[in-house]
Amino acid sequence: ELALKSLGSEGLFLFSSLDTNNDLYLSPEEFRPIAEKLTGVAPISEFEEEETPDPSGETLSIVAKFQPLVMETMTKSKDGFLGISHVALSGLRNWTAPAAPMSVMLARQFKAFLPPKNKLDLGDPWWIIPGELNIFTGYLSNNRFYPPPPKGKEMIIHRLLSMFHPRPFIKTRFAPQGAVACIQAISAFYYTIAFRIHAEFQLNEPPDFPFWFSPGQFTGHIILSKDSSHVREFKLFVPNDRSLNVDMEWLYGASESSNMEVDIGYLPQMELESTGPSIPSVIHDENGNVIDSRDPAGEPIQFVFEEITWQQEIPWEEAAQKLEVAMYPFKKVSYLPFTQAFERAKAEKKLVHSILLWGALDDHKPRSASLLMPGSGRTLRETVLESSPILALLNESFISSWSLVKELEELQNNRENEFYSKLADLHLEKYNFPVEMIICLPNGTVIHHINANYFLDITSMKPEDVESSIFSFSTNFEDPSTATYLQFLKEGLQRAKPYLQT
């Protein structure tokens, strides 16, 4: 009360965003973001000084490419952003170019991407930055403007993402957090490492309220020597192959419980790429003497790099799948694209288990409408869709798929393929916001469906309070969500018997 009286609600809101341990005192470390903002100077941490690689090592030039969010893809654009203040979107509208179009880094800083000694098999994932959140721990505060100082392996990722925007948060507010990697290829002296990162950005600063910008994922690869002295190639990007790939959330008040607006949109390009292999910053002749980096004509010396002969490798798609399953255990079941799922179901004479959402199921999404509590795609993927009995039944008897509503609306309106258009139409007929789980025949006929909100409502009730006999509880599993979803799938199989037998 005293703090509120002294600072006012908005002043207390800013103070709370800096007071990370909620003790009502700002330590020098907590005050650091404000000091950096006012002075324009960012001191090097002790940890960073200890870990700084040899400055005479090789350097890697990286360029950032960025095309801003297409505002027309936001659902709020359909009503002209009515009711949304210009200030709320100012950080988004003003972000039109990368913060640093080019950066030169030391090759050894990429040591963080090297595998641990017990993860040297192709496709065996490890965590560069482990996640700390799960369905039981909840999520981190929305009321923050400045990222915590990065430590250890977070530092290289923080520096890379800072090329896009000055306020990247390496630990996302929601699970799954972190960065995961696996070996895609091995040679005598090099690795190709595939990686996937979940991170987000804070686009606003005081006195505005927080605006969170959360790309679905960052992915990419690095080819580096086993001693990290040389980087042959580096690329990091946000996938842009789906119609929506960014989640946004912004607060409308000065407290954690203030109203929050959510939306999704499309980001055409956000990528970092090396301009070429890393090169020595200091050049020596055969006698060890330092020589000029330019030839007598003043032209830069051209380096010739040996061709890498890979002894073992796996396709990029396989490596990406391994990383996806590490982030999302529910993906131990393959989720095929919508039309492909029906073709496979017809060939294998199985049912289609389909999940239709407003926002993506397998990208890092905070609480976009598809993931709002209680009707939460996030809750589904972290509970029932990961459970062993569900995984086993889905693998045995179903072909699974998930789709965005927007994608099916486009398919529905595409009259070039009437069958696909009809499939989309049958799905959208049953859809209710935010998530609908659907079981259907290979011809698209829906034989069973349930809305995520209703599903989570009935599984949070006591069995004796559930009026409907459609979803009965089994005593074989302690978790009512798993039991109920299993019942949903089995009832779908039962209803389909007459059709599948013909």
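Residues numbered from 1 in each chain as written. Predicted model: local features only at pLDDT ≥ 70, side-chain atom pairs only at ≥ 80, totals over all residues. Heavy atoms only, no water.

For the chain, the name recorded in an unreviewed UniProt entry is SELN protein, with Glareola pratincola as its organism.

**Quick notes on the sheet that holds strand β12 (residues 260-265)**
Strand order across the open sheet formed by 5 strands is β4-β7-β8-β11-β12, with antiparallel pairing between neighbours. Each of the sheet's edge strands pairs with one partner strand only, and the pair in question is β4 (168-169) and β12. Bridge analysis of β4 against strand β7 (residues 200-202) gives 2 bridges, and the strand direction is antiparallel. The residue bridging Phe169 from the neighbouring strand is Glu200, located in β7. (Pairing = 2+ DSSP bridges. Helix = DSSP H or I, 4+ residues; strand = E, 2+ residues; numbered from the N terminus.)

**Concerning the packing of aromatic side chains**
Scanning the entire structure with this criterion turns up 21 aromatic pairs. A ring pair is formed by Phe169 and Trp212, whose centres lie 4.8 Å apart and whose planes are at 65 degrees; its orientation type is edge-to-face. One end of the pair, Phe169, is in strand β4; the other, Trp212, is in strand β8 (residues 211-215), and 43 residues separate them in sequence. Here Phe169 and Trp212 have matching classes, each one buried. Taking 6.1 Å as the distance between ring centres and 45 degrees as the angle between the ring planes, the aromatic pair formed by Phe419 and Tyr420 counts as tilted. (Phe/Tyr/Trp six-rings, centres within 6.5 Å; stacked < 30°, edge-to-face > 60°. Buried < 20%, exposed > 50% of the residue type's maximum accessible area, 1.4 Å probe, protein only.)

**Some words on helix α10 (residues 405-413)**
Within α10, the full set of buried residues consists of Val405, Leu408, Leu411 and Gln412. Looking straight down α10, one finds that the buried residues subtend no more than 120 degrees of arc, so they occupy a single side. Where α10 is buried, its residues touch α7 (338-348), β19 (351-357), β20 (398-404) and α11 (418-430). (Arc of directions from axis to C-beta. Contact = heavy atoms within 4.5 Å.)

**As for the pattern of salt bridges**
For the coordinates displayed, the defined rule picks out 13 salt bridges. Two residues, Arg173 and Glu200, come together in a salt bridge whose shortest N-O distance is 3.0 Å. In this pair, Arg173 sits in the loop between β4 and β5 (178-186) while Glu200 sits in strand β7, placing the two residues 27 residues apart along the sequence. Between Glu348 and Lys350 there is a salt bridge whose closest N-O contact spans 3.5 Å. With a relative accessible area of 37%, Glu348 lands in the partly exposed category. Beyond isolated ion pairs, a larger network of salt bridges with shared partners links Glu132, Glu154 and Lys171. (Salt bridge = Lys/Arg side-chain N within 4 Å of Asp/Glu carboxyl O.)

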